[in-house]
Amino acid sequence: MENNEEKVVHLAIDLLKRDVKAVMDAELTLLKVQKIEKSETTKDEDATCRNDERLKLIVGTVGESALLETCPEDLSVLKGKHEAFLMKVLENGKLLIVGSDKRGTAYGVLELSRQLGVSPWEWWADATPEKREVFHLPAGYSQMQEPTVPYRGIFLNDEDWGLLPWSNQTYEPHKDKNHIGPKTYRRIFELMLRLRANTLWPAMHECTLPFFLTEGNREAAADYSIFIGTSHCEPMVCNAAGEWSRRGEGAYDYVNNSEEVYNFWEKRVQEVAGQDNIYTLGMRGVHDGKMQGAKTVAEQKAVLERVLKDQRGLLAKYVNEDVTQVPQAFIPYKEVLDIYHAGLEVPEEVTLIWCDDNYGYIRHFPTEEERARKGGNGIYYHISYWGRPHDYLWLNTLSPALAYQQMGEAYDRGIQKMWIINVGDIKPGEYLLELLMDMAWDLDGVRRIGWQEHERRFLAREFGKMDMKNISPKLNLESIMKNYYVLNYERRPEFLGNTRTEEKAASWKVVKDLPWDEEKIHNRLALWKQLSDVVEQMSTQISPEKQDAWFHLVKYRVQASAQMNEKLLKAQLARHGKAEWAESDAAYDSIVSLTRIYNEGINNQGKWRSMMDYRPRKLPVFDKVKRDTVDTPMHKEHRRKYALSYSKSDNSHLIPQEGLGYHSDATLIPQGTSVTYKTEKSMSDSVDIVLAFVPRHPVNDKSLRVALSIDGGKPHVVDYATKGRSEEWKENILWNRAKRIVRVPIDPMKGSHTFTLTALDEGIILDEIYILDDSCEPYE
């Protein structure tokens, strides 16, 4: 490798050297040759390294390395590619890694680390790699990779209870308690490099000193070739929430104080013009609030038109006279979406960033006109969230099945330019972040195996093959994690208290019953106990050096979830005199103990101190449950007589949604097609049919309609789309389910019945259909 390679390439090489040493106890040699010669033998040679040898590499970047001009290999496959790399075993057995640009070369170098078995989480989850004596690539081996999504990255958010205190108290102690500095960010950028992520929206809460005001942060981002972008309320890479009070004058108001606001933006653009940035355009309030100085949509639209013009003028003045070549984004979030729909014209080359509803369901897919834009479309997607109706900042419980379905559909519907994932504190979202970054890098590759096989490979890489014969014949690590996500999909740990955040009524701050009966609660607790017990037994098979990774990636999440269910559901039973309060209190104590181990560590004593908080925002649901009694009886479940199932051979047009839903078998019904259910059960003269759907948002921004007909009779049309943050939407996302109950007449004289459900709109994902009818035999 030549010395004129960019800093990020040298950093990638340093990581690879560390990995080769850790895996093989061998050294890495970068060959410094004047010319890449062909083999002098007639037989092609393998690329092989043993722990008593050196791994021999030739590394270079197209356009940067003069050495590559002598390369006998055809490098034209990299021409015009973005962040691509070619890895090839040469005839002489040396390994050539060539990138189309600096990031491509760095990703190519670290692809070798992946093939050595090194986890991207080797530092961030203490994932110690397995030792190897030999690493081998066959003669003629060749592969080229390039990203599916050009801009792929993360948003560090809600850092108050994890990343911030861990950084400034443990990893990078600082006199200022609001400091996340370059030592921390270099570790983050190292992780991003391993995950092939290239874009960061830095931590931006008021409790944190802004990224660009912290000495050394900018330089760290430049070294790792990270694009710095900002969220929907941080235009022109300015953290208004943290910076306006420090360097702004007057009100953050472009109607009445535009000169000072303009100067605020201008100073930042001047400072960072030479770096890789993605400039968010537009304006909201100082934090996550509405624009000041303009009240009506028409007034706000007029202000934003002026704002966009002035901001792009700054980019043309300081960054590139041809402003169309500057990466820019516009995020129609919350009230800005109303302004956009009112006719705001966003320049053609600006990327439109769409959002989910904060709970994993994407609100808008690009129209045909939006898909045709030169700037393309992006997505801002949450796997962690602070806000109403309730936070989920603790255990990272978003279903991978949901993220896989929604983000895959996003790409198919034109969201292909930028993917930004709100990861909270990064930990404990390790697996889900890796899945989404792998999808952004190679969507087709992930789709070929599916997300469940992707997770199986993740777990196998981290913990190897485990012998379950003497532990549990029915459960393995994959099925444990599957059950973890399915149970938490039905009701997240943070939602088990039936409380809400940011609601006016005081009653929402009081832990109370969920609409589950005693049988349901006991069954759920029994399953959680089984998962927790099996994980405890599996811990004995984990090698000492992997115990911290096991605790962070599996044990804490499963057992803390189990204890949260125990705490709140035993309290629900105790209120009605059906359990002892001491059982709920003991579960609370267990959560405290588990969290202490997470932070203090098993091998790496104190490394993660202050990273995990079991009660972020100190919400009521995280406290010991207040002892009280109620006179009302426990909730009584409707009798579910039986669920309806369909013949797969007669309904081959249906599209299973891998692992999604309460029973992991949700199904997409293509628009205009039907699914038919047949039953031989005798029934009364009317029945209640429950239609349960995945509570997504309409593809057409209007409706999610289905038609249900019985025995060929008149169809009953229902629409389960919700509007805004309605009460129905809140209940839907808390339960991950949208329900409609349809009462239909039945001919009791008929011995069999046919139910036909037709999708009238795109995007209908049916989770379950069942009948409530006391005249039917119980369904087992």
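Everything below is about the structure printed above this text.
Residues numbered from 1 in each chain as written. Predicted model: local features only at pLDDT ≥ 70, side-chain atom pairs only at ≥ 80, totals over all residues. Heavy atoms only, no water.

Details of the sheet that holds strand β11 (residues 279-281)
Taken in spatial order, the eight strands of this open sheet run β10-β9-β8-β15-β14-β13-β12-β11, and their pairing is parallel. Of all the strands in the sheet, the pair left with one neighbour each is β10 (227-228) and β11. As defined by bridge partners, strand β8 (residues 151-156) adjoins strand β9 (residues 199-201) across three bridges and the pair is classed as parallel. Bridged to F155 within β9 is W201. (Pairing = 2+ DSSP bridges. Helix = DSSP H or I, 4+ residues; strand = E, 2+ residues; numbered from the N terminus.)

A closer look at the pattern of salt bridges
In this structure the tally under the stated criterion is 58 salt bridges. The salt bridge partner of E490 is R524, with a shortest N-O separation of 3.2 Å. Pair noted here: E490 is in helix α14 (residues 477-490) and R524 is in helix α15 (residues 518-538), with a separation of 34 residues, a long-range link. By relative accessible area, which is 4% here, R524 ends up buried. (Salt bridge = Lys/Arg side-chain N within 4 Å of Asp/Glu carboxyl O. Buried < 20%, exposed > 50% of the residue type's maximum accessible area, 1.4 Å probe, protein only.)

Some thoughts on the layout of surface pockets
If you add up the space inside the second largest pocket, you get close to 1,000 Å³. In terms of lining residues, the second largest pocket is bounded by 40 residues, among which Y333, K334, N358, R363 and R725 are the most central. Secondary-structure elements contributing two or more residues to the lining of the second largest pocket are α9 (335-341), β13 (351-355) and β14 (377-382). At four residues, α9 tops the list of elements feeding residues into the lining of the second largest pocket. When grouped by side-chain class, the residues that make up the lining of the second largest pocket number 12 nonpolar, 14 polar and 14 charged. (1 Å grid on protein atoms, 1.4 Å probe; cavity = no way out; pocket = protein on both sides within 12 Å on 5 of 7 lines; lining within 4 Å. Points joined across faces, edges and corners; volume = space filled by probe spheres on them. Nonpolar A, V, L, I, M, F, W, Y, C, P; charged D, E, K, R; others polar.)

Remarks on the packing of aromatic side chains
Any aromatic ring pair is given by two values, namely how distant the centres are and how the planes are angled relative to each other. In this structure the tally under the stated criterion is 40 aromatic pairs. Judged by centre distance (5.5 Å) and plane angle (75°), the rings of W123 and W124 are edge-to-face. Ring centres 5.9 Å apart and planes at 75° place the aromatic pair Y359 and W729 in the edge-to-face group. Here Y359 is found in the loop between β13 and α10 (368-371), whereas its partner W729 is found in helix α18 (residues 727-735), with 370 residues between them in sequence. For the pair formed by Y359 and W729, the shared burial category is buried. Among the aromatic residues, ring-to-ring pairing joins W123, W124, W166, Y171 and W608 into one connected group. The ring of W123 carries the charged tip of K607 above its face, separated from the ring centre by 4.0 Å. (Phe/Tyr/Trp six-rings, centres within 6.5 Å; stacked < 30°, edge-to-face > 60°. Lys NZ or Arg CZ within 6 Å of the ring centre and 35° of its normal.)

Side note on the pairing of β13
In terms of residue burial, β13 counts as a mostly covered element, since five of its five residues are buried. Every second residue of β13 is oriented toward a common face, with T351, I353 and C355 on one face and L352 and W354 on the other, all of them buried. Direction of pairing for strand β12 (residues 328-330) relative to β13: parallel, over a ladder of two bridges. Note that in β13 the partner of A329 across the bridge is T351.

Section: unusual backbone geometry
Residues R388 and P389 are joined by a peptide bond in cis, for which omega reads 5°. Within the fold, P389 resides in the loop between β14 and α11 (400-412). Between K427 and P428 the backbone carries a cis peptide bond, its omega angle lying at 5°. Relative to the helices and strands, P428 resides in the loop between β15 (418-424) and α12 (430-441).

Details of the side chain of K555
Structurally, K555 is set in helix α16 (residues 547-575). With residues near it in sequence (within four places) discarded, K555 still touches V535, E536, S539, W550 and A560. (Contact = heavy atoms within 4.5 Å.)

Observations regarding the sheet that holds strand β24 (residues 753-759)
The strand order across the open sheet formed by four strands is β19-β24-β21-β22, and the pairing between neighbours is antiparallel. Only two strands of the sheet have a single partner each, and these edge strands are β19 (674-679) and β22 (716-719). For this sheet the average axis-to-axis angle between neighbouring strands, irrespective of direction, equals 20°. Relative to β22, strand β21 (residues 705-710) runs antiparallel, the two sharing four bridges. Residue pairing in the sheet places A707 in a bridge with V717 of β22. (Axes fitted to C-alpha atoms, helices over the stretch in contact; angles between N-to-C directions.)

Concerning the packing of α14 against α16
One can describe the packing of α14 onto α16 by two numbers: an axis separation of 11 Å at closest approach and a directional angle of 45°. By the criterion of interaxial angle, the relationship of α14 to α16 is oblique. In the crossing of α14 with α16, the sense of the turn from one axis to the other is left-handed. In this structure, α14 contributes L477, I480, M481, Y484, Y485 and N488 to the contact, and α16 contributes W550, L553, V554, R557, V558 and S561. Classifying every residue of the contact of α14 with α16 by side-chain character gives nine nonpolar, two polar and one charged. (Parallel < 35°, antiparallel > 145°, perpendicular 65-115°, else oblique. Left-handed = near helix turned anticlockwise from the far one by under 90°.)

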